[in-house]
Each structure stands twice: as C-alpha cells, then as structure tokens.
Amino acid sequence: MAPVTRATQGVLLTLVGAVLIRITVDDTYLRYVNTWMRWPVLLCGVVLVLLSVSDLVTSSRDPRSESDGDEDREDVAHRVPRAAWLLFLPPLVIFFVSPPALGAFLAERATEAPPPSSGQLDSMLAPLPDEDPVEMGVTEFFVRAVYDQGVSLPERRVSLVGFVSLDEDGHWYVTRLGINCCAADATVTRVVVRGADAPPRDQWVRVTGTWVDGSGTEEDTAPAVDAEDVTTVEAPRYEYE
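Thresholds, definitions, all that
- Residues numbered from 1 in each chain as written.
- Predicted model: local features only at pLDDT ≥ 70, side-chain atom pairs only at ≥ 80, totals over all residues.
- Heavy atoms only, no water.
- Helix = DSSP H or I, 4+ residues; strand = E, 2+ residues; numbered from the N terminus.
- Buried < 20%, exposed > 50% of the residue type's maximum accessible area, 1.4 Å probe, protein only.
- Contact = heavy atoms within 4.5 Å.
- Areas by Shrake-Rupley, 256 points an atom, 1.4 Å probe, with all protein chains shown as cover.
- Salt bridge = Lys/Arg side-chain N within 4 Å of Asp/Glu carboxyl O.
- Pairing = 2+ DSSP bridges.
- Phe/Tyr/Trp six-rings, centres within 6.5 Å; stacked < 30°, edge-to-face > 60°.
- Lys NZ or Arg CZ within 6 Å of the ring centre and 35° of its normal.
- Lys, Arg positive; Asp, Glu negative; His and termini not counted.
- Polar contact = N/O pair within 3.5 Å; in protein donor to acceptor, adjacent residues only side chain to side chain.
- Core = buried A, V, L, I, M, F, W, Y, C linked by side-chain atoms within 4.5 Å.

### Focus: the overall build of the chain
(1) Moving on: The helix and strand inventory of the chain stands at 8 helices and 6 strands.
(2) Moving on: Reading the chain from its N terminus to its C terminus gives the helix and strand order α-α-α-α-α-α-α-β-α-β-β-β-β-β.
(3) Moving on: Taking all 241 residues of the chain together, 36% fall into the buried category.
(4) Moving on: Considering only contacts within the chain whose residues lie at least 6 apart along the sequence, 68% involve residues at least 24 apart.
(5) Moving on: Summing over all exposed atoms, the chain offers an accessible surface of approximately 14,000 Å²; the carbon and sulfur share of this is 57%.

### Observations regarding unusual backbone geometry
(1) Moving on: The amide bond that connects D132 to the next residue, P133, takes the cis arrangement and shows omega of 0°.
(2) Moving on: Structurally, P133 is set in the loop between helix 7 (118-124) and strand 1 (134-135).
(3) Moving on: The phi angle at E155 is positive, at roughly 65°, despite the residue not being glycine.
(4) Moving on: Along the chain, E155 falls in the loop between helix 8 (138-146) and strand 2 (157-166).
(5) Moving on: Residue classification places E155 among the exposed positions, given a relative accessible area of 81%.
(6) Moving on: In the Ramachandran plot, D202 falls in the positive-phi region, its phi being about 80° despite a non-glycine side chain.
(7) Moving on: Along the chain, D202 falls in the loop between strand 4 (187-194) and strand 5 (204-211).

### A closer look at helix 8
(1) Moving on: Within the sequence span of helix 8, burial applies to V138, F141, F142, V143, R144 and A145.
(2) Moving on: Taken together, the buried residues of helix 8 touch helix 7, strand 2, strand 3 (172-178), strand 4, strand 5 and strand 6 (224-232).

### Quick word on the pattern of salt bridges
(1) Moving on: Per the stated rule, a full pass over the model turns up 10 salt bridges.
(2) Moving on: Among the ionic pairs, D27 bridges to R237, the shortest N-O distance being 2.9 Å. Taken as a pair, D27 in the loop between helix 1 (6-25) and helix 2 (38-61) and R237 in the segment after strand 6 lie far apart in primary sequence, 210 residues in all.
(3) Moving on: Under the relative-accessibility criterion, R237 is labelled exposed at 56%.
(4) Moving on: Between R201 and E108 there is a salt bridge, and its shortest N-O distance comes to 2.9 Å. Of this pair, R201 sits in the loop between strand 4 and strand 5 while E108 is found in the loop between helix 6 (104-107) and helix 7, placing the two residues 93 residues apart along the sequence.

### Some words on the pairing of strand 6
(1) Moving on: With 3 bridges connecting them, strand 4 and strand 6 associate as parallel partners. Across the sheet, residue R194 finds its bridge partner in strand 6, namely D226.

### Description of the packing of aromatic side chains
(1) Moving on: Evaluation of the coordinates by the stated rule reveals 3 aromatic pairs.
(2) Moving on: A centroid spacing of 6.5 Å and a plane angle of 55° characterise the contact between F142 and Y147, whose relative ring orientation is tilted.
(3) Moving on: Here R109 stacks its cationic end above the ring of F105, 3.8 Å away from the centre of that ring.
(4) Moving on: Its guanidinium or amino end placed over the ring of Y173, R190 lies 3.9 Å from that ring's centre, counting from NZ or CZ.

### Regarding the side chain of D167
(1) Moving on: Here D167 shows up in the loop between strand 2 and strand 3.
(2) Moving on: Notably, D167 is buried but unbridged: the nearest opposite-charge side chain belongs to R190, and the N-O separation is 5.2 Å.
(3) Moving on: Side-chain polar atoms of D167 contact the backbone nitrogen of H171, separated by 2.9 Å.
(4) Moving on: With residues up to four places along the chain from it excluded, the contact list for D167 reads Y173 and R190.

### Topic: the nonpolar core
(1) Moving on: If you look at the biggest cluster of nonpolar residues, it comprises 22 residues, and the most contacted ones within it are F163, L177 and Y240.
(2) Moving on: Counting only elements with at least two residues in this core, the list comes to helix 1, helix 6 and strand 2.
(3) Moving on: Per-element tally for this core: the top contributor is helix 1, with 3 residues.
(4) Moving on: Ignoring any residue separated from it by four or fewer positions in sequence, one finds F163 in contact with G103, A104, A107, Y173, V174, T175, R176, L177, D202, Q203 and W204.
(5) Moving on: Residues M136, W172, V207 and V225 belong to the second largest nonpolar core, which totals 19 residues.

Right, dumping it as structure tokens:
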C-alpha cells in the first residue's frame, strides 16, 4: 500500500469536511445527532475543507516544495503509519451508504430512559387536550403511566407513533429512542401493544387505543396500550424523542 503523503492527508480532510457538509444539508445528520448540532457539524465541515485548501495553496507557494518535495514525502511517509489509509473508510461509508437511524436492534438491548426531572415531569403531566384520540409521544405515555400512576389516562383514547420492537416473550412494542447529544447515548422507551398482531420489526406504526388499566404502575409490569387500530406510517424526519 502506498505511503500516506501530505497531499493524501489533504484529500482526507476534504473528504471528511465534504461528508459533514453533505449530511447537514440533506438532514442525514439527524440519524446520528440531536437537532441543535446542525450548525456545529456544518461549521466543522466548512473548517476542514478550508484547512485543506489553505494547506494546498501554502504548499504550492512554498519555494522548497519542488526542490525538497521528495524529501518531504519520504519524511511524511516515515512519520505517518500506512494504517492511516483506513481513515478513509468511515467518511466513504457515510458518503455513499448513509447508515440508517438506530432501530429495533438497539432498542431491544439499550438502556431504558432515566426518570424525568421534576421540570420535565411537570411539563409532560400537563392536562390533556380534549381531542380524541390524543396525539402523544411514546415517552409522554410512558411517563403518565409509570410516574403518574396512569391518573390522566383512563377512558382516554391515545395515538402513539413509533417503530416496532420485540422481546423474548413474544410481545411487541411501539418504541422510540431518545438521545441527549448523539446516537452513542441513546436510551429506549417502549409501550406494549395488546390486541393486534405485530407488524414487521422496525416498521413505523401509528397505534390508536387505550391504556391497559394498571399497566406500568408496578415495578414488574410495563405500560401497555389496548390497540383499536394499528396503521403503518412513514418514519418522521427526526426519529428520536
């Protein structure tokens, strides 16, 4: 394998910068990080490209670049391990393949979301609107069932949107993942769906139904919804809660 020269390093910087710019422009970044990181990621991409261009311009104007070119290349090749070529793989994969957002595989193994803070709890336990069914997030439903003992849920029809995950006992769940910063800190919130056959794993669905009275109010029971209707839907633009 050829040694990694200064020019090659410049190409790598450009490639990484281009990938960062591309995933922010087409919203692919939302699969990996929180929404507020759009501008930091875009800025990093622009800076990397500018650094690469600046280095190229500086090298071309350096009078030593022609006379000492061979020595420079030998020096860089000596100092930079050839394994550095592997650095091209991650940006190339993201540029051409764009791995999807996290899904059922992680949800069935991830850590459950931590208890909400008092401020978050107050926000999520605000009085429900009069609409029927009530549109609510999976996390909000979970919080109302587990941390509020289901006080606001009896006799209220709810509509939950999430993807399908399974467990070893054959139950299926409407599921959402949450992240604070990036996919590396993802946590899972799941609600058992009863009374309906499981759609394919990872399929996004809208579940309309009612809270199963008492579910989630004890340590060994998960919150559950008795489904009246389950329909497939497109994944939202931002898939995390």
